[in-house]
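Below are the chains, spelled out letter by letter.
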Protein chains: 2
Amino acid sequence: MKRTKIIALLNADAPTDAVLIMGWVRTRRDAKGFSFIELNDGSCLGNIQIIVNESLPDYEKIKKANTGAALSVTGELIASQGAGQTWEIRATEVKVISLAPDDYPLQKKRHSDEFLRTIAHLRPRTNKYGAMFRIRSELSYAVHKFFKDKGFYHIHSPIITGSDCEGAGEMFQLDFFGDKANLTVSGQLSAEMFALALGDVYTFGPTFRAENSNTARHAAEFWMIEPEMAFCDISGNMDIGEELVKYLIDYALTNCKQDIELFAKFVDKELMNRLEIIRTSSFERLPYKDAIPILLASGKKFDYPIAFGKDLQSEHERYLTEEHFKKPVILYNYPKTIKPFYMRLNDDNETVAAMDILVPGIGEIVGGSQREERLEVLQARMKQMGMAEESYWWYLDSRRFGTVPHSGFGMGFERVLMLITGASNIRDVIPFPRTPGHIEF
Amino acid sequence: MKRTKIIALLNADAPTDAVLIMGWVRTRRDAKGFSFIELNDGSCLGNIQIIVNESLPDYEKIKKANTGAALSVTGELIASQGAGQTWEIRATEVKVISLAPDDYPLQKKRHSDEFLRTIAHLRPRTNKYGAMFRIRSELSYAVHKFFKDKGFYHIHSPIITGSDCEGAGEMFQLDFFGDKANLTVSGQLSAEMFALALGDVYTFGPTFRAENSNTARHAAEFWMIEPEMAFCDISGNMDIGEELVKYLIDYALTNCKQDIELFAKFVDKELMNRLEIIRTSSFERLPYKDAIPILLASGKKFDYPIAFGKDLQSEHERYLTEEHFKKPVILYNYPKTIKPFYMRLNDDNETVAAMDILVPGIGEIVGGSQREERLEVLQARMKQMGMAEESYWWYLDSRRFGTVPHSGFGMGFERVLMLITGASNIRDVIPFPRTPGHIEF
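What counts and how
Residues numbered from 1 in each chain as written. Chains lettered and ligands numbered in written order. Predicted model: local features only at pLDDT ≥ 70, side-chain atom pairs only at ≥ 80, totals over all residues. Heavy atoms only, no water. Axes fitted to C-alpha atoms, helices over the stretch in contact; angles between N-to-C directions. Helix = DSSP H or I, 4+ residues; strand = E, 2+ residues; numbered from the N terminus. Parallel < 35°, antiparallel > 145°, perpendicular 65-115°, else oblique. Left-handed = near helix turned anticlockwise from the far one by under 90°. Contact = heavy atoms within 4.5 Å. Nonpolar A, V, L, I, M, F, W, Y, C, P; charged D, E, K, R; others polar. Domains from an automatic or database assignment. Buried area = accessible area lost by both parts, 1.4 Å probe. Salt bridge = Lys/Arg side-chain N within 4 Å of Asp/Glu carboxyl O. Polar contact = N/O pair within 3.5 Å; in protein donor to acceptor, adjacent residues only side chain to side chain. Least-squares fit on C-alpha atoms with pLDDT ≥ 70 in both. Pairing = 2+ DSSP bridges.

Some words on the packing of helix 4 (residues 127–149) of chain A against helix 6 (residues 234–255) of chain A
Residue and element names in this part refer to chain A.
Working step 1: Remark: helix 4 packs on helix 6, axes separated minimally by 10 Å, with the N-to-C direction vectors making an angle of 135°. Taken together, the axis directions place helix 4 and helix 6 in an arrangement best described as oblique. Taken as a pair, helix 4 and helix 6 cross one another with a handedness that is right-handed. Contact with helix 4, carried on its side by Glu138, Leu139, Tyr141, Ala142, Val143, Lys145, Phe146 and Phe147, involves Ile240, Glu243, Leu244, Tyr247, Leu248, Tyr251, Ala252 and Asn255 of helix 6 and no other residues of that element.
Working step 2: When grouped by side-chain class, the residues that make up the contact of helix 4 with helix 6 number 12 nonpolar, 1 polar and 3 charged.

Section: the environment of glycine 162 of chain A
Working step 1: Within the fold, glycine 162 of chain A resides in the loop between strand 7 (160–161) and strand 8 (173–176).
Working step 2: Separated by 19 residues in the primary sequence, glycine 162 of chain A and alanine 181 of chain A have C-alpha atoms spaced 4.9 Å apart.
Working step 3: Among residues more than four places away in sequence, those in contact with glycine 162 of chain A are Asn182 of chain A together with Ile439 of chain B.

A closer look at the domain arrangement of chain A
All names here are of chain A.
Working step 1: Looking at the assigned domains, one finds that chain A contains domain 1 (6–98) and domain 2 (117–428).
Working step 2: Of note, the centres of domain 1 and domain 2, computed from C-alpha atoms alone, are 45 Å apart.
Working step 3: Contact residues are listed per partner, giving 6 residues for domain 1 and 7 residues for domain 2.
Working step 4: Roughly 550 Å² of surface becomes buried between domain 1 and domain 2 when both sides are summed, with 43% attributable to carbon and sulfur atoms.
Working step 5: Where domain 1 packs against domain 2, one counts 0 salt bridges.
Working step 6: Our count for the contact surface shared by domain 1 and domain 2 stands at 3 residue pairs in polar contact (both at pLDDT 80 or more).
Working step 7: In terms of residue class, the side of domain 1 that touches domain 2 is built from 2 nonpolar, 3 polar and 1 charged.

Looking at the interface of chain B and chain A
Working step 1: At the interface, 102 residues of chain B touch 102 residues of chain A.
Working step 2: Taking both sides of the interface into account, the surface hidden between chain B and chain A amounts to around 8400 Å²; carbon and sulfur atoms contribute 66%.
Working step 3: Across the salt bridge formed by aspartate 200 of chain A and lysine 5 of chain B, the nearest N and O atoms sit 2.5 Å from each other.
Working step 4: For the pair chain B and chain A, the number of links is 34 residue pairs in polar contact (both at pLDDT 80 or more).
Working step 5: Here the side of chain B that touches chain A takes 11 residues from helix 4 (residues 127–149) of chain B, the largest share from any one element.
Working step 6: Looking at the side of chain B that touches chain A residue by residue, the classes come out as 52 nonpolar, 28 polar and 22 charged.

As for the relation of the copies chain B and chain A
Working step 1: Superposing chain B onto chain A takes a rotation of 180° plus a shift of 0.0 Å along the axis, which leaves an RMSD of 0.0 Å. Here the two chains are linked by the operation of a two-fold rotation axis. Closest approach to the rotation axis among the C-alpha atoms of chain B is made by leucine 174 of chain B, whose C-alpha sits 2.7 Å away.
Working step 2: An overlap of 100% is found between the interface residues of chain B and their copies at the interface of chain A, pointing to a shared contact surface.

Thoughts on the sheet that holds strand 14 (residues 351–359) of chain B
All names here are of chain B.
Working step 1: The strand order across the open sheet built from 8 strands is 6-10-11-16-15-14-13-12, with neighbouring strands paired in mixed fashion. Looking at the sheet topology across the chains shown, the edges are occupied by strand 6 (153–154) and strand 12 (284–287).
Working step 2: Pairing between strand 12 and strand 13 (residues 329–335): 4 bridges, direction parallel. Within strand 13, the residue paired with arginine 285 across the bridge is isoleucine 330.

Next up, the structure:
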């Protein structure tokens, strides 16, 4: 008989005479003449209840199957007599595939996130982390679907690189057959080359920062989504960014309902409300220069000073989106002095066509810009910033031959997951997180 | 007016009064009173023909728009009078966005693959590489769709790792905040941990080999697809592998028809025939031990000797699939001495439940196994191979608690692309390939 997954049984339309399922015991409760087992196979959050009659062969062995043990169960799918579930299985045969001894760390009780990080290889077996990594998978698919449906092409930009994306952050270095090389901090420059050939493209892959910081928001390795669009200005860039944020929230609410509800119930009571605000708001579009007076007039005591020409900190961003506008905000036209060389210089010669999307609960979730497509302006900027043109000959080539206005942004995938699940630590949305001192597994 | 992509125009049902398109000049031909421009925007292989009347403003400037120049064109979409195209545009306004000077390297002529690798930032602007990277994008999506439709979850396994997947190959090393770390050679061990929690999972990400080899089949950085299935034996593993190979070919033939035809016409005359054989064959399943007498009886002079216990080389694999069976072959049950520690020991105590899929034109395209799920057997194998158990405590944990039979394989994404396009060099299927001495771009 072919194995059926539990997700299919829980969504069944009708009883079935004989089904075969395999999975792991979540709980077992023995009553007079029966054993009741909650079995989970990872296909969804829900378990299926199995009723084992003491008359079955191996009943004594089955009673050793504690939390974590693996079973193969044949039986009849019937409407449940009990409360709390629609279907259950009356077992006709139960095979114990393996046991989980008493030192199995995931006994039925509440474990702290900190403890579960030390057993990252086992934590996806818990309800919370099973839900988390199913959501991560679904949203990863949603990213691809969003762009494919719009006619974007997916580019696998290189991880090992001889160049850098100036200003993005500290890089890990390695020896590449005698050459000095780095792990990429951004696929943007590669994506630009492809946007100027294929039109609309995106990268979605791992990126790295060698910053020795131990915060709840930083990891040394994380996944980034970077679209790049030819013939697109900063306004079109904002449109795509806003649409993508809303699309991913909608996708999760529709396709990961049960798993998201776990987070709304146990992790963040404000989650559904916050997602609803983001999903339904028109994002406020505000020039950086207009954000400064708002912050100065806030009456808030910020840790970092506010003035035109200074970069905004998380505390400022969160004030704007959470307290002042109470919805997502797109800040744009930042002072050129605080932004990288590739951003397009505005006519004021003071600001560049940068844009950041700030959302409640997270702060910056998207950072992007219209790119400087004018060769001479780009060269002048690089010179001012002391950058060596020779290292960027290929990047400059794209402005020599058929250059066009183009734009793009980066969206940290882990920030999206933190937004959509309410998880407060980036370590809890990555299968095996990499932070200083943590390379195990 | 909103810009329309050329792919939409070429598939139009009816003429349109006014359309706006943007793209790059592929060719321009001047006739008396007219200029004919072939414009491409990367959305597809095809160009749209634009008829520019000399009465239009800026006509002299338009006549400077050579191959590579960028234009914005407004006009009427009409049925073409000429041969070779269904639709063309009678321009009402042409704006020259930018020119491409005479030193633009991609003048209309045939360029060698070797030359184009030196301008990897420009080569996607050619017909061949535009087609290649559109196919790469479509097939990348197809991989995700295949697994999602089967209920697999996608896991982002770590790139920087403290462990290795013993026997997979040489690793790049880096300093991770004072710890020694490597770039991953396989996401398998991570994927196993998740399969034992979520059931069916897969990874699809960059992997690395620090082997200083300069062949047409090796790159230091490449993308690998690695499914891992709980409650699945070697036979189920073969089923999924065979199905995936066929699915990707079908997907490409259906969704990348025009781009594939370019390769069938200009790159590999045997391509369509080979793909048809693979797509429609039932893959031959042959134990390794039965392959040895076939090779010995072949009458071929191989460079490497053949004997039970020796690994097969590419020449042997290709003989089996291309000459002997003339269709894909799944070799299985290899001698344990030539395979890694994690493969399941067969009852003969001599072979392990490994399986490789060999296809004509490529050789090995899939390599996998049923994993050793029995703790004591796994520990004994590790001891025999001189491996330190302490480094794998977490991996062994998965065999201590609720261990179940499980299987998986690795499929090199670039090999799939070489199979489906007929490209003979791995450097030509990767946007910016990484081989010794090549980290530019």
